[in-house]
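# What the coordinates show
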Amino acid sequence: MRLDDVGTPAAVIDHAAMMRNIARMQTRMDTLGVRLRPHVKTSKCIAVGTLQRDAGAPGITVSTLKEAEEFFSAGFDDILYAVGIAPQKLDRVLALRRAGCRLAVLVDSVAGADAVVARGRAEAHAFDVVIEIDTDGHRAGVDPESTTLIDIGRRLADGGATLQGVLAHAGSSYGLSTPEALAQIAEQERRRTVRAAERLRAAGLPCPQVSIGSTPTALSAQNLEGVTEVRAGVYVFFDLVMANVSVCRPDEIALSVLTTVIGHQVEKGWAIVDAGWMAMSRDRGTQSQAIDYGYGAVCDADGRLVDGWIMLGANQEHGILGRRADGAERAGEGEGDDDVARRFPIGTRLRILPNHACATAAQFSAYAVVDAAGDVQEWPRFNGW
């Protein structure tokens, strides 16, 4: 199959670009002397995860138990569920573990630890548990200097659970864009997570694993002393948010949405395509960044950027492409191009780079994977929780 044979809209992976991204991250982690545990929520695709494992990543991170179940069925057995565990989900966790999956769960409260311990006692089972650490005030986690950290560790260890270690995610790194700021937040993430591990050990509690990570901090860290593994996900594809964060270039983004021009509004300078927000998602993650790409950046059918053209707006099944006005503060401030119908005739096929690869990929049930020769394979992906 060739790309011309693929119906639109479709999620397209540039295989060569993806392989370069995989090699870049794996090489960096190898150089820094830590394990890489890719976050497979980005692709939700067994074939992609297999390429990451083959490159040298022995375990994976998941954000849903559906991901854990699918990847375990495909032969992945070292899995970290990096979302706080709800007590009602422990049935599925237990089923996976009893089937041979080394699945670890996450807590960041005494109540969460107590729920895991209670279920473990009732089932005569020792769950593997990691404590989430808050290193930047971005989302969830325990302050590394808090007494709560030690309380959680004692509840787990004394209750029969296996305390595997600590985990952090410096999500605030997504709001940065300079090498200096990224290096600083990466070091803050490392230092505070290692500090939490040291406090647990000083209290006589085990803490063999120290897990940190996000794509920006993984690619910006200069020193990972005390860290055992790094988690990162979106690097496998990259996206426009990551380009604005300055950890990749737009031409390194491996995921795009193939679309077809279906109409024009010549007086407005618009081309209308058959990929709306149902294909691109509603994620406007670049809106608060240095370059607002609207719903995505326009490329030709071969994936080359069409300078200055973005998806200005999106309805459910319609995307509105236009030229971003120079100096415009918002993506919707397009400038007229009365030559738009000649530039993009009806039937023209284009590719749109996404703001957020995870969100855009989630709109599709398969990828069209195109190699350097232009041949296309279909790789299935899955959704669900």
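Calculation criteria
Residues numbered from 1 in each chain as written. Predicted model: local features only at pLDDT ≥ 70, side-chain atom pairs only at ≥ 80, totals over all residues. Heavy atoms only, no water. Helix = DSSP H or I, 4+ residues; strand = E, 2+ residues; numbered from the N terminus. Rg over C-alpha atoms; globule rule 2.2 N^0.38 Å. Areas by Shrake-Rupley, 256 points an atom, 1.4 Å probe, with all protein chains shown as cover. Lys, Arg positive; Asp, Glu negative; His and termini not counted. Charge placed at Lys NZ, Arg CZ, Asp CG, Glu CD. Core = buried A, V, L, I, M, F, W, Y, C linked by side-chain atoms within 4.5 Å. Buried < 20%, exposed > 50% of the residue type's maximum accessible area, 1.4 Å probe, protein only. Contact = heavy atoms within 4.5 Å. Salt bridge = Lys/Arg side-chain N within 4 Å of Asp/Glu carboxyl O. Pairing = 2+ DSSP bridges. Axes fitted to C-alpha atoms, helices over the stretch in contact; angles between N-to-C directions. Polar contact = N/O pair within 3.5 Å; in protein donor to acceptor, adjacent residues only side chain to side chain. Parallel < 35°, antiparallel > 145°, perpendicular 65-115°, else oblique. Left-handed = near helix turned anticlockwise from the far one by under 90°. Nonpolar A, V, L, I, M, F, W, Y, C, P; charged D, E, K, R; others polar. Expected span 1.5 Å × (residues − 1).

## Concerning the overall build of the protein
- Helix and strand content of the protein: 12 helices and 18 strands.
- Computed over its C-alpha atoms, the radius of gyration of the protein comes to 22 Å, within 12% of the 21 Å expected for a compact globule of 385 residues.
- For the protein, the spread of C-alpha atoms along the three principal axes comes to 70 × 40 × 35 Å.
- Carbon together with sulfur atoms contributes 48% to the accessible area of the protein, which is approximately 15,600 Å² in total.
- The average position of the 40 basic charges and that of the 49 acidic charges among the side chains of the protein differ by 5 Å.

## Observations regarding unusual backbone geometry
- The peptide bond linking T8 to P9 adopts the cis configuration, its omega dihedral lying at 0°.
- When you line up the elements, P9 lands in the segment before β1 (10-14).
- One non-glycine residue, F238, adopts positive backbone phi at about 65°.
- Relative to the assigned elements, F238 resides in the loop between β9 (229-232) and α9 (240-245).
- Phi is positive for S246, which is not a glycine, with a value near 80°.
- Along the chain, the position of S246 falls in the loop between α9 and β10 (255-265).

## A word on the nonpolar core
- Ranked by internal contacts, the top residues of the largest apolar core, which has 111 residues, are M18, I131 and L156.
- Residues within four places of M18 in sequence aside, it is in contact with I13, V48, L51, V236, F237, A254 and W379.
- Core analysis: the next-biggest nonpolar cluster, separate from the first, contains eight residues, L3, V6, A10 and V12 among them.

## Description of the pattern of salt bridges
- Per the stated rule, a full pass over the model turns up 21 salt bridges.
- Salt-bridge contacts for R119 lead to D91; the nearest nitrogen and oxygen are separated by 2.3 Å. Of this pair, R119 sits in helix α5 (residues 110-123) while D91 sits in helix α4 (residues 90-98), and the two are 28 residues apart along the sequence.
- Under the relative-accessibility criterion, R119 is labelled partly exposed at 21%.
- What makes D91 partly exposed here is its relative accessible area of 45%.
- Note that D251 and R249 form a salt bridge whose closest N and O atoms lie 2.9 Å from each other.
- Relative accessible area serves as the criterion here: at 52%, D251 is assigned to the exposed category.
- In this structure, a network of salt bridges that share partners links the residues R35, R37, D78 and E229.

## With respect to the sheet that holds strand β5 (residues 102-107)
- Taken in spatial order, the eight strands line up as β2-β9-β8-β7-β6-β5-β4-β3 in an open sheet, and their pairing is parallel. Of all strands in the sheet, those bounded by a partner on one side alone are β2 (35-38) and β3 (60-62). Mean inter-strand twist for the sheet, computed between neighbouring axes without regard to direction, equals 30°.
- Bridge analysis of strand β8 (residues 209-212) against β9 gives two bridges, and the strand direction is parallel. Looking at the pairing, I212 lines up with V230 of β9.
- Across the sheet, helix α6 (residues 147-159) lies against β5, β6 (128-133) and β7 (162-168), angled at about 175° from β6, the strand it touches most.

## So, the side chain of T286
- Tracing the backbone through its elements, the reader meets T286 in the loop between α10 (277-280) and β12 (297-299).
- Within polar-contact distance, the side chain of T286 engages the side chain of D292 at 3.5 Å.
- Once you skip the residues sitting within four places of it in the chain, T286 turns out to touch L240, V241, N244, I291, D292, Y293, G294 and N355.

## So, the environment of T50
- One can find T50 in helix α2 (residues 46-55).
- C-alpha separation for the pair T50 and P206, spaced 156 residues apart in sequence, amounts to 31 Å.

## Digging into the packing of α4 against α5
- Between α4 and α5, whose axes approach to 11 Å, the crossing angle comes to 55°. The orientation of α4 relative to α5 falls into the category oblique. Our pair here, α4 against α5, has a crossing hand that is right-handed. Residues L90, D91, L94 and R98 of α4 form the contact with α5, whose participating residues are A115, V116, R119 and E123.
- A breakdown of the residues in the contact of α4 with α5 according to their chemical character gives four nonpolar, no polar and four charged.

## Here we look at helix α7 (residues 179-202)
- For α7, which comprises 24 residues, the first-to-last C-alpha distance of 34 Å matches the rise-based estimate of 34 Å (1.5 Å per residue) to within 8%.
- When we look at burial in α7, the residues that qualify are L182, I185, A186, Q188, E189, R190, T193, V194, A196, A197, R199 and L200.
- On its buried side, α7 packs onto β6, α6, β7, β8, α8 (215-218) and α9.
- Once α7 finishes, G204 follows within two positions and takes phi at roughly 85°, a positive value.

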